[in-house]
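Each chain, written out:
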Amino acid sequence: MVEISVIIPTHNRAAMLRSLLSKLDAQREGTPAFEILVVADGCEDDTSTMLSSLRIRVPLRTLTLPGVGPALARNAGSQVASGRLLIFLDDDIEPGENFVRAHFVEHQRHPGGVVMGPYPPLPHIAKDRFRLSARAWWTRHFERVSRPGHQFAFTDVLTGNLSLNAELFHAMGGLDPQFARAREDFEFGLRLIKKGVPIRFAPDALGYHLEHQTTTLTGKMVRRYQEGRSDALMARKHPDIQRLLAIHRFTGRKGRKRRLQRAIATRVGSVLDPLVKAGPRILQMLEKAGLRRLYEKVERQCNGYHYLRGAAEVLGEDWRLPPDPTASTNEIDVLEVNLDQGLEAAEAMLAERRPLAARIMNGTVHVGDMGHRIGAEPWDARHFRPWLNRQAIHRYLPVALAEWQGQPISASPNLSDFTLNTLNNPSFHAHMIEQHVQWMEAKLRSALYDNRSKS
Amino acid sequence: MRLAVRDIDILDLPPDFEPTDDYQGALVLIRVAGRPCGQAVIAFDTDGGKMPIKDRILSAASSSVFEAWLRHRLALPDPSPAPSQLPKASVVICTRDRTEDLERCLTGLLAMPDKADILVVDNAPSNEATRDLVGRFDTVRYLREPRPGLDVARNTALRNTEADVVAFIDDDAVPDPLWLRTLLRNFEDPLVLAVTGLTMAAELETDSQIAFQHFGGFCRGFRRQVYDAYNLDPFTGWHAGAGVNMALRRTIVDAVGWFDEALDAGTLSLAGGDTDMFRRVLEAGYRIIYDPEALNWHRHRRSSKELQQQMYGYEVASFAILTKALLFEGNPRAIPRMFRSYSRLLRRLFQARPTHQFSLPYNDALTQVRGAVSGPVRYLRARVRARAGEAGHKRG
């Protein structure tokens, strides 16, 4: 009987899986005992041969399924798992040596929540546009969620590297089988957040994502189809978050362009599918020629087409969704927090009340609103300072500066609108414009001017 | 016009600027808790009422100062990388007949708390003055490279060091004490092949120095940036930094090759060796990090003629690199880039010249067009010479 089960759904990735399992077998000394459950879902390669000949010390069990998709594979794994703690790990992630222990320690520190670990791309050379954008997306994602004070939303919940108590997983009903091939983790994350389950990030539970070996331009377009299908299902199941989904722009009564796009996705697929299949090849040619803007446009069209085709499978002819229940009822309790008692007092109030929305004042000055975000966790103390530093900086900075200089808040000549608008803009062009403005606004007396005034 | 250069911490301001009757104003580097985070350009008022120094600094400060100040005030964790171990490094200064500058550079390097192998590469010297100077510093190595060319010297340095990282600094630059340590902290990611830093003006004593700094100088901003070919077009690799302040992983020669000896100072191409290297790093799928806390100070060219030659050289190099990419790398992306650059330059040529206080005493648009036109031919001739020089070197 072990405390921890690592569940790995896999599909035709025998070589990668072997590498993953050897990494799990080489966890650091002091790691608590755990078992490995490999769920082989529709494998036609040598996965079963590899597994039967594998020699590792960690107990390993195998389930075989007939190609039902990762959501059902994870559910099946959780049913037969021995451990009280379930760790879900994708088969294209290489875990670090502290992976299992980090999940375990985080659950000991804060019981009752869901723990996610990072899996940034394994450092690899990325030359073409698709590889660069995939690497950039994943790198940026984990930089964002690992930031202190990040407010987790359902789109941050990824089952590639996630752990939770088995009892909680079953109480939640596991992953929804409707979302068999895409977005099953977002949907699960949404249910977790609605239920109030805390989501935590464990930086040490590190894996490296081998996305450069498992994703392709063609595969991404296939996945867009599945994402369109899942988004449509998600909007039906959770109408309150439909506004956050791309599908929302196409449903209900819409203008001519949207209706045309819907009609194309619903009826003209048999004609357009062969054309869109040529997309990846066209994109490669455009990239080679250096036509970046055209590349991005064609890519967007191809992905958008596949997304709508997937959505059409669910929404059929009428493209109608249940009404959004949050649109009519606009009453959310807004906690009023005043900074004149100090930052610590404000944080304590947020920690105690955990509001969905808060209005932040400093005396009589309105600093900003910690707005209600549908599908995101409630606000808490740890969100407050990062929020002041980024989202609220435009109104909080004058207040903080006035306080620092011992001046009334209304008197703030140090900050021009230009400076406020340039805050947190790291682009090189913004820097060049700003420094040019600095030089021009200094109003330095030039030698020519001096000579003219003297004469 | 003359401007003072000041280095000030916003949390530890002096009572006022030192009395400087001869200066019209100051370029101020602003730190927060010791870390460089922004700049301000300030006029010294000889008439009228005196504003407190804090107000004057804050009124003129760049937005990055306020970001860093607020982060500090809110006690937020520092987003900078903090690796447990720094790679072993060599510092390389490529020099040619500039012993006065070199002495200041070496003195600054030896004042750093970090000890590193320091190598001076004397490039085609006209006398023994540099060797004599280096001989006075016990811990500095001297290497003579008889073939002229800054990139030739850089390649010689890369061949003669065993350190994991090679940090380059110009002979007319002086490092800040934490310069090397700050560069090295960025090499934890194995995809990072180059790290660059912020270079401020060491002095602004002439109109030309001020004009160069007004154009941006070697400053690439005050926010740390991780560049790859996704967020930076390789042909604008100069946005990522400059050769006056850069560190390279020594394995860069295996990943993207040596510096192009047909480029940069000492060749007909006049400049661009560092920009070309950055371009190739990005094209090859690697990363470059710009870390503005890796600070050094550069003495810009003093005279108008030197500045004009520098601008001409930058444009020559820009089109030399495009020519190289097109003809010798078969990169079709160079063509639209070339057309865009030529049309932009021609458009500027026929516009009215700006007449603000930083205007140049010569037609800078014409200077740039001349550079653009001669760039391709200059590169081809430089390439022929580089091959001949290399052959001669092998025979010798």
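Since this is a predicted model, take the numbers as computed values, not measurements. (Residues numbered from 1 in each chain as written. Chains lettered and ligands numbered in written order. Predicted model: local features only at pLDDT ≥ 70, side-chain atom pairs only at ≥ 80, totals over all residues. Heavy atoms only, no water.)

Mind showing me how you'd approach the overall build of chain A here?
Looking only at helices and strands, chain A has 20 helices and 12 strands in total. Projected onto its principal axes, the C-alpha coordinates of chain A cover approximately 95 × 55 × 50 Å. Counting across all 455 residues of chain A, residues that qualify as buried make up 51%. Carbon and sulfur atoms form 53% of the exposed surface of chain A, whose accessible area is close to 22,100 Å². In chain A, 61 positive and 50 negative side-chain charges are present, and the distance between their average locations comes to 7 Å. (Helix = DSSP H or I, 4+ residues; strand = E, 2+ residues; numbered from the N terminus. Buried < 20%, exposed > 50% of the residue type's maximum accessible area, 1.4 Å probe, protein only. Areas by Shrake-Rupley, 256 points an atom, 1.4 Å probe, with all protein chains shown as cover. Lys, Arg positive; Asp, Glu negative; His and termini not counted. Charge placed at Lys NZ, Arg CZ, Asp CG, Glu CD.)

Which parts of the structure should I look at to understand the overall build of chain B?
Each helix and strand in chain B was counted, giving 12 helices and 12 strands. On C-alpha atoms alone, chain B measures out to a radius of gyration of 21 Å, which is about the 21 Å that the 2.2 N^0.38 rule sets for 396 residues. Seen along its three principal axes, the alpha-carbon backbone of chain B occupies a region of about 70 × 55 × 45 Å. With an accessible surface of roughly 16,000 Å², chain B has 52% of that area assigned to carbon and sulfur atoms. (Rg over C-alpha atoms; globule rule 2.2 N^0.38 Å.)

What is the right way to look at the UniProt feature "domain: Glycosyltransferase 2-like" (unreviewed entry) in chain A in this model?
UniProt marks residues 5–119 of chain A with the feature "domain: Glycosyltransferase 2-like" (unreviewed entry), using the numbering shown here. The distance from the first to the last C-alpha atom of residues 5–119 of chain A is 19 Å, and the span holds 36% helix and 27% strand. (UniProt positions renumbered as here; feature names shortened; annotations may be inferred.)

For this particular structure, what's the right way to read the sheet that holds strand S11 (residues 357–362) of chain A?
Either a parallel or an antiparallel arrangement is found when strands of a sheet pair, and the pairing is made through backbone hydrogen bonds. Residue and element names in this part refer to chain A. An order of S10-S11-S12 is seen for the 3 strands of this open sheet, with the pairing classed as mixed. Looking at which strands have only one partner, the edges of the open sheet turn out to be strand S10 (334–338) and strand S12 (365–370). Strand-to-strand twist in this sheet, taken as the mean axis angle between neighbours without regard to direction, amounts to 20°. Relative to S12, S11 runs antiparallel, the two sharing 5 bridges. (Pairing = 2+ DSSP bridges. Axes fitted to C-alpha atoms, helices over the stretch in contact; angles between N-to-C directions.)

Teacher, can you tell me more about the nonpolar core here?
Buried together is how nonpolar side chains tend to be arranged in soluble globular proteins. Residues and elements named next belong to chain A. Formed by 74 residues in total, the largest nonpolar core has its most connected members in Ile-8, Leu-21, Leu-24, Ile-247 and Trp-319. Top element by residues in this core is helix H13 (residues 292–315). It accounts for 6 residues. Residues in contact with Ile-247, not counting those within four places in the same chain, are Asp-231, Ala-235, Tyr-307, Leu-308, Ala-311, Leu-315 and Trp-319. (Core = buried A, V, L, I, M, F, W, Y, C linked by side-chain atoms within 4.5 Å. Contact = heavy atoms within 4.5 Å.)

Could you clarify how one ought to interpret the UniProt feature "domain: Glycosyltransferase 2-like" (unreviewed entry) in chain B in this entry?
If you check UniProt for "domain: Glycosyltransferase 2-like" (unreviewed entry), the listed places come out as residues 90–254 of chain B in our numbering. Taken end to end, residues 90–254 of chain B has its terminal C-alpha atoms 18 Å apart, with 28% of it in helix and 27% in strand.

Looking at this structure, how should I read the pairing of strand S1 (residues 3–9) of chain B?
Walk down a regular strand and you will see the side chains alternate between the two sheet faces. Residues and elements named next belong to chain B. Counting buried positions over the 7 residues of S1 gives 5, a clear majority of the element. Note that S1 and strand S2 (residues 25–32) share 7 bridges and pair parallel. Across the sheet, residue Val-5 finds its bridge partner in S2, namely Leu-27.

Looking at this structure, I do not really get the sheet that holds strand S7 (residues 161–165) of chain A. What am I missing?
Residues and elements named next belong to chain A. The 7 strands are arranged S3-S2-S1-S4-S7-S6-S8 in an open sheet whose pairing can be described as mixed. The strands lining the two open edges of the sheet, one partner per strand, are strand S3 (60–65) and strand S8 (199–201). Neighbour-to-neighbour, the strand axes of the sheet open up by a mean angle of 20°, direction not taken into account. Together, strand S1 (4–10), strand S2 (34–41), S3 and strand S4 (85–89) form the strand contacts of helix H3 (residues 70–80), whose direction differs from that of S3 by roughly 135°. The sheet contacts of helix H4 (residues 99–109) involve S1, S2, S4, strand S6 (114–116), S7 and S8, and relative to S7 the element is tilted by about 40°.

For this particular structure, what's the right way to read the interface of chain A and chain B?
Where the parts come together, the accessible area they lose is often given as the size of the interface. Counting residues at the interface gives 58 residues for chain A and 64 residues for chain B. Between chain A and chain B, a total of about 5,200 Å² is buried, with carbon and sulfur atoms accounting for 60% of that surface. Counting the surface chain A buries against chain B, the share from its top three residues, Trp-404, Phe-428 and Trp-439 of chain A, is 16%. For Asp-228 of chain B, the salt bridge goes to Arg-135 of chain A, with nearest N and O atoms at 3.1 Å. Counting across the interface, chain A meets chain B through 18 residue pairs in polar contact (both at pLDDT 80 or more). Where the side of chain A that touches chain B is concerned, the elements lending two or more residues are helix H5 (129–145), helix H12 (279–288), helix H16 (381–389), helix H17 (393–405), helix H18 (417–422), helix H19 (428–441) and helix H20 (447–454) of chain A. At 10 residues, H19 of chain A tops the list of elements feeding residues into the side of chain A that touches chain B. For the side of chain A that touches chain B, the residue count by class is 27 nonpolar, 18 polar and 13 charged. (Buried area = accessible area lost by both parts, 1.4 Å probe. Salt bridge = Lys/Arg side-chain N within 4 Å of Asp/Glu carboxyl O. Polar contact = N/O pair within 3.5 Å; in protein donor to acceptor, adjacent residues only side chain to side chain. Nonpolar A, V, L, I, M, F, W, Y, C, P; charged D, E, K, R; others polar.)

Would you mind showing me how to read a nonpolar patch on the surface here?
Taken together, Leu-327, Phe-328 and Leu-380 of chain B make up a surface patch of nonpolar side chains, about 270 Å² in accessible area. Looking at the element boundaries, Leu-380 of chain B is found in helix H12 (residues 364–395). (Patch = residues over 30% accessible without salt bridge, like charges linked within 9 Å, V, L, I, M, F, W, Y side chains within 5 Å.)

Before we go on, may I ask you to explain the side chain of Arg-299 of chain B in this structure?
Here Arg-299 of chain B is to be found in the loop between strand S12 (287–298) and helix H10 (304–327). Engagement of the side chain of Arg-299 of chain B in a polar contact is seen with the side chain of Asp-101 of chain B, the distance being 2.8 Å.

Even after reading the chapter, I still don't get a positive patch on the surface, so can you show me in this structure?
A cluster of basic side chains, namely Arg-249, Lys-257, Lys-297 and Arg-300 of chain A, defines a positive patch on the protein surface. Topologically, Lys-297 of chain A is positioned in helix H13.

Where do I start with the state of the cysteines in this structure?
Note on terminology: a disulfide is the covalent bond linking the sulfur atoms of two cysteines. In this structure the tally under the stated criterion is 0 disulfides over all chains. You can see Cys-105 of chain B has no disulfide; the closest cysteine sulfur is in Cys-94 of chain B, sitting 11 Å from it. (Disulfide = S-S within 2.5 Å.)

Please clarify how helix H5 (residues 150–159) of chain B should be interpreted in this entry.
Residues spaced three or four apart along an α-helix face the same direction, because each turn holds 3.6 residues. When you tally the buried positions in H5 of chain B, you get 9 out of 10 residues, the bulk of the element. Within H5 of chain B, burial applies to Leu-150, Asp-151, Val-152, Ala-153, Arg-154, Asn-155, Thr-156, Ala-157 and Leu-158 of chain B.

Quick question: what am I supposed to make of unusual backbone geometry here?
Most of the time, phi is negative for any residue but glycine, and the peptide bond is trans. Residues and elements named next belong to chain B. Not every positive phi belongs to a glycine, and Ala-124 is a case in point at roughly 45°. One non-glycine residue, Leu-270, lies in the positive phi region at around 75°. When you line up the elements, Leu-270 lands in the loop between helix H8 (252–255) and helix H9 (273–283). Residue classification places Leu-270 among the partly exposed residues on the basis of a relative accessible area of 24%.

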